[in-house]
Amino acid sequence: MAGGGGGPGGCAGGDAAPPAPERVLFPPTFSVSEIKNKQRRHFMFLRWKQQQRKEKLASRKRRRKEREALGDQAPPKAVPKTIENQRIYDETTVDPNDEEVAFDEATDEFAPYFNRQTIPKILITTSDRPRGRTVRFCEQLSTVIPNSHVYYRRGLALKRIIPQCIARDFTDLIVINEDRKIPNGLVLSHLPDGPTAHFRMSSVRLRKEIKRKGKEPTEHVPEVILNNFTTRLGHSIGRMFASLFPHDPQFIGRQVATFHNQRDYIFFRFHRYIFKSEKKVGIQELGPRFTLKLRSLQKGTFDSKFGEYEWIHKRREMDTSRRKFHL
């Protein structure tokens with residue numbers, strides 16, 4: 001049919017039609033939950049999420065162009081709000097220049113290690129009659145911590161093991177507990193005078209369960225990285241982890257053990273550096289990996305009945321705010 005038509009969208013003569021306004025996918029008061037059909041509701045939710053991502057990306061590009069146009073006069077970038085940077089201030093946060101903290105470190109139970117008077121020697125043991133997964137985890141953990149020895153318990157109480165460890169010059173005792181054949185707890189006791197830390201263990205992954213893992217670790221002493229242990233309690237826990245590894249890491253091995261604290265969860269990773277060029281470096285995970293949550297810190301060595309506790313996690317009293325952390 002010739003001509004432009006006289007309908008609502010047409011125009012007479014050769015004048016160009018005005019551009020059609022953008023079709024709004026969702027009205028301002030749209031709520032996906034109002035859709036009764038489950039499949040339709042899921043489809044519309046995905047479309048809504050896709051639209052949100054596009055708007056966010058467009059807004060980011062627009063801000064970047066504005067910053068490039070302003071050059072040096074551009075305002076500083078806004079710091080996004082996270083739970084970490086909105087953290088409630090803890091009065092026990094450690095100041096590196098605090099003389100009291102320096103004195104405590106010079107006289108605490110870990111001072112002989114940091115003064116290089118002792119060499120770490122670790123005994124790794126398990127709960128009574130461990131199963132296969134716990135056994136394999138202990139074996140792999142012994143390849144991460146140098147000068148560590150694995151002993152599988154069979155009915156021997158920890159109170160009898162600790163004096164034997166002290167007599168044989170062990171500096172630390174690690175106990176891996178399990179439940180339903182899965183490692184679920186870790187007890188770390190510094191010898192001979194303590195302290196003893198109790199952790200809940202989760203997200204355990206052995207080497208064969210890690211994708212794109214590297215070759216087996218070598219016997220080189222790894223580098224140790226401790227991240228975000230800022231309070232007095234966190235400082236003590238960080239010193240406990242540091243005392244497990246010998247001084248003077250062998251950088252030729254390119255191995256690094258990382259204890260990263262985030263929101264009071266301690267994530268352990270074991271990596272190897274991969275130098276691609278003089279300027280580029282990558283990391284390759286070796287495993288195992290696990291996550292720890294501190295339950296208590298006890299003075300002295302392990303004593304479940306008469307031990308004196310420095311700190312105990314009380315969930316109902318301490319977890320009243322998501323922005324309150326203790327490490």
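Residues numbered from 1 in each chain as written. Predicted model: local features only at pLDDT ≥ 70, side-chain atom pairs only at ≥ 80, totals over all residues. Heavy atoms only, no water.

A. Inspection of the overall build of the protein at higher detail. Looking only at helices and strands, the protein features seven helices and eleven strands. Relative to its length of 327 residues, the protein is extended, with a C-alpha radius of gyration of 29 Å against a globular reference of 20 Å. If you line up the protein on its principal axes, its C-alpha atoms span 105 × 50 × 50 Å. Going through the 327 residues of the protein one by one, you find that 36% of them count as buried. The long-range fraction of contacts in the protein, counting pairs at least 24 apart against all pairs at least 6 apart in sequence, stands at 65%. Approximately 21700 Å² of the protein is accessible, and the part contributed by carbon and sulfur atoms is 51%. (Helix = DSSP H or I, 4+ residues; strand = E, 2+ residues; numbered from the N terminus. Rg over C-alpha atoms; globule rule 2.2 N^0.38 Å. Buried < 20%, exposed > 50% of the residue type's maximum accessible area, 1.4 Å probe, protein only. Contact = heavy atoms within 4.5 Å. Areas by Shrake-Rupley, 256 points an atom, 1.4 Å probe, with all protein chains shown as cover.)

B. Highlighting the pairing of strand β7 (residues 255-262). Most of β7 sits out of view: six of its eight residues are buried. Examined bridge by bridge, strand β6 (residues 223-227) and β7 share five bridges and lie parallel to one another. When the bridges of β7 are listed, Glu223 appears paired with Val256. Regarding topology, helix α6 (residues 232-242) serves as the crossover connection from β6 to the parallel β7, and that connection is left-handed. Where β7 lies against strand β8 (residues 265-275), eight bridges are found, and the strand directions are antiparallel. Paired with His260 across the strands is Phe267, a residue of β8. (Pairing = 2+ DSSP bridges. Right-handed = clockwise from strand over helix to strand, strands pointing away.)

C. Molecular detail of unusual backbone geometry. Between Gly194 and Pro195 the backbone carries a cis peptide bond, its omega angle lying at 0°. Locating Pro195 in the fold gives a position in the loop between β4 (182-190) and β5 (196-205).

D. Up close: the environment of Ile174. Mapping Ile174 onto the fold places it in strand β3 (residues 172-179). Remark: the alpha-carbon pair of Ile174 and Gln50, spanning 124 residues in sequence, is separated by 48 Å. Not counting the four nearest positions on each side in its chain, Ile174 is found in contact with Ile122, Leu123, Ile124, Thr125, Ile145, Leu186, Val187, Leu188 and Leu244.

E. Geometry of the pattern of salt bridges. Considering all chains together, one arrives at twelve salt bridges under this definition. Put simply, Arg263 and Glu84 hold a salt bridge, and the shortest N to O gap is 2.7 Å. With Arg263 in the loop between β7 and β8 and Glu84 in the loop between α1 (38-70) and α2 (99-107), this residue pair connects regions lying 179 residues apart in the sequence. When its relative accessible area of 35% is taken as the criterion, Arg263 is described as partly exposed. Exposure remark for Glu84: the relative accessible area of 28% places this residue in the partly exposed category. Two residues, Arg116 and Asp248, come together in a salt bridge whose shortest N-O distance is 3.0 Å. Of the two residues, Arg116 sits in the loop between α3 (111-114) and β1 (122-126) while Asp248 sits in the loop between α6 and β7, which places them 132 residues apart along the sequence. Residue Arg116 shares its accessibility class with Asp248, and that shared class is exposed. A single network of salt bridges, built from pairs that share partners, joins Glu105, Asp108 and Arg239. (Salt bridge = Lys/Arg side-chain N within 4 Å of Asp/Glu carboxyl O.)

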